[in-house]
Amino acid sequence: MKKLVLLLFVSVCALMCAADEFDLSAQRGESRRVLAVDGYASSAKGVINPQPQRIDTLAPDRVDVSRGFRFNDRRKAFGADVDFLNVNPRGLKLSVDYGKKGPKELSGAYVLEISPKEVKITGYDETGAFYGLQTLRQLLQADYSTLPQVKISDWPEFKHRGVVEGFYGTPWSHLVRLSLIDFYGKQKLNTYIYGPKDDPYHSSPNWRLPYPPDQAAKIRELVDASRRSRVNFVWAIHPGKDIRWTPEDYDSLLTKLNGMYDLGVRDFALFFDDIEGIGTDPRRQAALVNDLTRDFVAVKGDVAPLMICPTDYSQMWANPGENGTLAVYGRELVPGAEVFWTGEVVCSDLTPETLEFVNSRIRRPALFWWNFPVTDYCRNYLLQGPVYGLDKGLTRNDLAGIVSNPMEHGEASKLALYGVADYAWNPKAYNPLDNWERGLREVLPKAAEAYRTFAIHNCDTETGYRRSESWETETFPFDSYTPEQFQALREEFQRVAAAPELIRQGGGNDLLLRELEPWLAEFEKLGRRGLRTLDLIKTFEAGNDSAFWADYNRNLMTDDERRNYDAHKVATMKLQPFYENAMDDMYMAAYERSTGYVAPIFKGIGSYSSLGSIQAKLMTDGNDSTFYHSGAAQRPDDWIGFDLRAPRLILEVTILQGRNSVDDVDFFDHCIVESSLDGENWTPLTEPLRNQYEINWTAEAPQQARYVRLRRLDSQRRNWAAVRTFSVKTALDINNP
């Protein structure tokens, strides 16, 4: 047999960061644990979201409302909010009022009473009465002809409930923002923080300058839309990159805030996240908030207390001492100012422990900035899974509120925001899985089942803040399965292949479909690819090698198909790995069955668990613009390598570390290349290497080895590790003379 010369290349899908200066390495300390979704599906059609605090049934009979409602707007404040009603002078009386004692003396509290004589909504304030109307709207969506006889006493647990448009990447369009603001009001979310990192008038270089007239007009429109939806529009400014702490800068900031006030803004936030240099000074940050509270908030009289995002916004790097940012805020920041916090790490669960850490230092309940479902660190993924990881025992004494930082795909973020709204209103009753099931019907009611198929397989990112995915699907090795498992997986791949067209036909939301389309296209291809793989398993089992190799080659992804998939990844936890692993394993088995030799496919191995997954193949895809990423911080003696699956003579090893060879932080800055025959005794191929992105080793004489690895030596670096290319050139398969 001719000598086998195998050249394997390595790479991984890039984390696309839109920021030029700030590197998203902040994400790179998270665990790779994937926690299961909690909760259970139980809801019937038309359940109220968010779930009310208390519902008392007044009588078993339902109230006939088929003739509509005789609307009595006692405050003349809700005429624009009842477009969902059939207003009829001969209908059932509907009265709406506010300003009276309710179930709780909290903004947003309301009572909704439904009886055969009258439907009565009483809010603690105007917002509460508006929320009562939203609950009535949801009840009517289930049945426009009858209503249950109930008394709903309801109020929000947390003060701030909403969204921060604070991601890196393409900001939302104006149409999407308007659509989302309407959605916020209907789901009783009361906070929209406008802070897109790529808006130059929010951040550097133009934060000192007023918005151009056309952009200012759009912001005024957003403010007006927010007011109609009873949403607090919070305009945020991000001056820390180049702030000079001079009187001139203070005057510029004051002028900018006054200009935003003239556009109708009454809520403001200062962001000092993701910066370096003098802007990180916590005493100056606190003093700025205090000065603006005196010179702007107090002077205006109708401006809410300021919000601030500290530079130390994560427990992962926050200085816990008395001189740390949080302790300085606690001592010096004016009472009433709200402080953002992302938790244990940048993308993390909401727990009592992390709140105890921050609250004890800032001396007030933190405002949780939840980096979910944000994908600015993995922009080729679309997160459509349930909202979970939020402690259900927290109260307003622990937490000022929660704002979700969504994806740059605003409409596709609605499914997650539906869950955030439910949790933030009534955390004790929150059921993640049930909420997700209801949210599917809310977001895409005409194609809910197809959307469910798509969503359940598009939840995880493979890296960073991991989410459970495909939890109802069982995959298996190509040569170990039962008939029932095989048939169940075939039926699932059939649903996958059919779902995209069903979503397109029944969508009814053009903005959402436009965002979903690139992933729908890949999802449809995966469905067909999976079905062909199952057919190929049967061809392999039949022993017809000629037919097998023909069908195998037809089922391989082309270079273009691979590039398209990598740009819009779908079903990365189970379905795509089933395809990849089955194809590889059948290739090896068929090769060895045909030749009697070990197939020249190398397997990723190492100290990172992800090397045992298909992610390791990103080091062998021949594309050095992509890369494998460890997804965990470096530790002593960590290593990344390959099992050549048989002893071979190696001639060359080429390794490209990092996501680039210029300034990336994710690489082993002190390392060595080694080989081994048994996986236990290792021989150095190179001297210890320092700060080398590009590693090239050529044998003076062929080295016999089965394993090759890159091992980390002593280093202070704690970043993740990335490898674009890991190629091993072999001259002779020792077992195949």
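In the block above lies the structure referred to throughout.
Computed from a predicted model, the values in this text were never measured in an experiment. (Residues numbered from 1 in each chain as written. Predicted model: local features only at pLDDT ≥ 70, side-chain atom pairs only at ≥ 80, totals over all residues. Heavy atoms only, no water.)

1. Looking at the overall build of the protein
At step 1: Each helix and strand counted, the protein has 15 helices and 22 strands in total.
At step 2: Against the 2.2 N^0.38 benchmark of 27 Å for 737 residues, the protein shows a C-alpha radius of gyration of 29 Å, consistent with a compact globule.
At step 3: Dimensions along the principal axes, computed over C-alpha positions, put the protein at roughly 95 × 65 × 45 Å.
At step 4: In the protein, buried positions account for 59% of the 737 residues.
At step 5: Contacts in the protein between residues far apart in sequence, at least 24 positions, make up 78% of those at least 6 positions apart.
At step 6: Carbon and sulfur atoms provide 48% of the accessible area of the protein, an area that totals close to 28900 Å².
At step 7: Separation of charge centres in the protein, based on 87 positive and 103 negative side chains, amounts to 5 Å. (Helix = DSSP H or I, 4+ residues; strand = E, 2+ residues; numbered from the N terminus. Rg over C-alpha atoms; globule rule 2.2 N^0.38 Å. Buried < 20%, exposed > 50% of the residue type's maximum accessible area, 1.4 Å probe, protein only. Contact = heavy atoms within 4.5 Å. Areas by Shrake-Rupley, 256 points an atom, 1.4 Å probe, with all protein chains shown as cover. Lys, Arg positive; Asp, Glu negative; His and termini not counted. Charge placed at Lys NZ, Arg CZ, Asp CG, Glu CD.)

2. Examining helix α2 (residues 174-186)
At step 1: Taking 1.5 Å as the rise per residue, α2 with 13 residues should run 18 Å; its terminal C-alpha atoms sit 19 Å apart, in good agreement.
At step 2: Within α2 the residues assigned to the buried category are H174, V176, R177, S179, L180, I181, F183, Y184 and G185.
At step 3: Residue K188 follows α2 closely and has a positive phi angle near 65°. (Expected span 1.5 Å × (residues − 1).)

3. As for the nonpolar core
Side chains that are nonpolar tend, in soluble globular proteins, to be buried together.
At step 1: Of all hydrophobic cores here, the largest spans 153 residues; its most connected members are Y184, W235, F268 and F340.
At step 2: Broken down by element, this core gets its largest block of residues, 12 residues, from helix α12 (residues 510-542).
At step 3: Leave out the neighbours within four places in its chain, and F268 touches V234, W235, L257, M260, Y261, F296, V303, P305, L306 and M307. (Core = buried A, V, L, I, M, F, W, Y, C linked by side-chain atoms within 4.5 Å.)

4. Quick notes on the side chain of T191
At step 1: The residue T191 is located in strand β8 (residues 191-194) in this model.
At step 2: Within the structure, the side chain of T191 is placed 2.9 Å from the side chain of N190, a separation counted as a polar contact. (Polar contact = N/O pair within 3.5 Å; in protein donor to acceptor, adjacent residues only side chain to side chain.)

5. Regarding the pattern of salt bridges
Note on pairing: side chains with opposite charge can pair once their charged atoms come close.
At step 1: Scanning the entire structure with this criterion turns up 53 salt bridges.
At step 2: With a closest N to O distance of 2.9 Å, D422 and R438 form a salt bridge. Of this pair, D422 sits in helix α8 (residues 414-425) while R438 sits in helix α9 (residues 432-443), placing them 16 residues apart in sequence.
At step 3: Overall, the relative accessible area of 0% leaves D422 in the buried class.
At step 4: In this structure, the salt-bridge partner of R709 is E674, at a minimum N-O distance of 2.7 Å. With R709 in strand β21 (residues 694-712) and E674 in strand β18 (residues 670-676), the pair connects residues that are 35 residues apart, well separated along the chain. Residue R709 shares its accessibility class with E674, and that shared class is buried. (Salt bridge = Lys/Arg side-chain N within 4 Å of Asp/Glu carboxyl O.)

6. Some points on unusual backbone geometry
At step 1: A cis amide bond links N49 with the next residue in sequence, P50, at an omega value of -5°.
At step 2: Relative to the elements of secondary structure, P50 occurs in the segment before β1 (54-64).
At step 3: For the bond from S204 to P205, the omega torsion is 15°, close enough to zero to count as cis.
At step 4: Summarising the element assignment, P205 is placed in the loop between β8 and α3 (213-228).
At step 5: Despite not being glycine, W245 has its phi angle at roughly 60°, a positive value.
At step 6: You can see W245 is positioned in the loop between β9 (232-237) and α4 (247-262).
At step 7: Positive phi is not limited to glycine here, since D274 has a value of about 55°.
At step 8: Positionally, D274 belongs in the loop between β10 (267-271) and α5 (282-300).
At step 9: Judged by relative accessible area, which is 10%, D274 ranks as buried.

7. Topic: the pairing of strand β12 (residues 338-341)
At step 1: A two-sided burial pattern is seen for β12, the buried positions comprising E338 and F340 on one face and V339 and W341 on the other.
At step 2: One ladder, built from two bridges, connects strand β11 (residues 307-309) with β12; its direction is parallel. Along β12, the bridge assignment pairs M307 with E338.
At step 3: At this point the chain moves from β12, through helix α7 (residues 352-362), to the parallel strand β13 (residues 366-370), and the crossover so formed is right-handed. (Pairing = 2+ DSSP bridges. Right-handed = clockwise from strand over helix to strand, strands pointing away.)

8. What about the packing of aromatic side chains?
At step 1: Summed over the entire model, instances satisfying the criterion amount to 40 aromatic pairs.
At step 2: A ring pair is formed by F478 and F540, whose centres lie 5.3 Å apart and whose planes are at 80°; its orientation type is edge-to-face. One end of the pair, F478, is in the loop between α10 (448-456) and α11 (483-506); the other, F540, is in helix α12, and 62 residues separate them in sequence.
At step 3: Residue F540 is classed as buried on the basis of its relative accessible area of 11%.
At step 4: Within the aromatic cluster, the residues linked to one another by ring pairs are F478, F540, F548, W549, Y552, Y587 and Y591.
At step 5: The lysine or arginine in question, R529, covers the ring of Y579, its NZ or CZ lying 5.1 Å from the ring centre.
At step 6: Between K538 and the ring centre of F486, over which it is positioned, the NZ or CZ distance is 4.6 Å. (Phe/Tyr/Trp six-rings, centres within 6.5 Å; stacked < 30°, edge-to-face > 60°. Lys NZ or Arg CZ within 6 Å of the ring centre and 35° of its normal.)

9. Description of the layout of surface pockets
At step 1: Empty space within the largest pocket amounts to approximately 1100 Å³.
At step 2: Lining the largest pocket are 42 residues, and of these R562, E580, K617, T620 and D621 sit closest to its centre.
At step 3: Looking at the lining of the largest pocket, the elements with two or more residues in it are α13 (545-555), α14 (559-567), α15 (575-595) and β15 (603-606).
At step 4: Per-element accounting of the lining of the largest pocket gives the leading share, seven residues, to α15.
At step 5: When its residues are assigned to classes, the lining of the largest pocket shows 19 nonpolar, 12 polar and 11 charged.
At step 6: There is about 610 Å³ of room inside the second largest pocket.
At step 7: Around the second largest pocket, the lining comprises 23 residues; the ones closest to its centre are Q141, R441, E442, V443 and P445.
At step 8: Of all the secondary-structure elements, those providing two or more residues to the lining of the second largest pocket are α1 (126-142), α2, α8 and α9.
At step 9: In terms of residue class, the lining of the second largest pocket is built from seven nonpolar, seven polar and nine charged. (1 Å grid on protein atoms, 1.4 Å probe; cavity = no way out; pocket = protein on both sides within 12 Å on 5 of 7 lines; lining within 4 Å. Points joined across faces, edges and corners; volume = space filled by probe spheres on them. Nonpolar A, V, L, I, M, F, W, Y, C, P; charged D, E, K, R; others polar.)

10. Digging into the packing of α12 against α15
At step 1: The interhelical angle for the contact between α12 and α15, taken along N-to-C directions, is 30°, at an axis separation of 10 Å. Between α12 and α15, the interaxial angle falls into the category roughly parallel. Crossing of α12 over α15 shows left-handed handedness. For the pair α12 and α15, the contacting residues are L526, R529, T533, L534, L536, I537 and F540 in the first and L575, Q576, F578, Y579, A582, M583, M586, A589, A590 and R593 in the second. (Axes fitted to C-alpha atoms, helices over the stretch in contact; angles between N-to-C directions. Parallel < 35°, antiparallel > 145°, perpendicular 65-115°, else oblique. Left-handed = near helix turned anticlockwise from the far one by under 90°.)

11. Brief notes about the environment of L534
At step 1: On the secondary structure map, L534 appears in helix α12.
At step 2: Measuring from C-alpha to C-alpha, the distance between L534 and N323 comes to 61 Å, with 211 residues separating the pair along the chain.
At step 3: When sequence neighbours within four positions are dropped, the list of residues in contact with L534 reads F476, F486, L489, R490, F493 and F578.

12. Let's talk about the sheet that holds β12
At step 1: Read around the barrel, eight strands follow the order β7-β8-β9-β10-β11-β12-β13-β14 and close on themselves; strand pairing throughout is parallel. Taking the axes of each pair of neighbouring strands and ignoring which way they run, one obtains an average angle of 25° across the sheet.
At step 2: Of the strand pairs in this sheet, β10 and β11 are connected by three bridges, and their pairing is parallel. Across the sheet, A269 pairs through a bridge with M307, a residue of β11.
At step 3: Contacts from α2 reach β7 (160-165) and β8 within the one sheet, and its direction differs from that of β8 by about 155°.
At step 4: This element, α4, spans β9 and β10 of the sheet and lies at about 155° to β9.

Take it as geometry only, folks, not as evidence of what the structure does.
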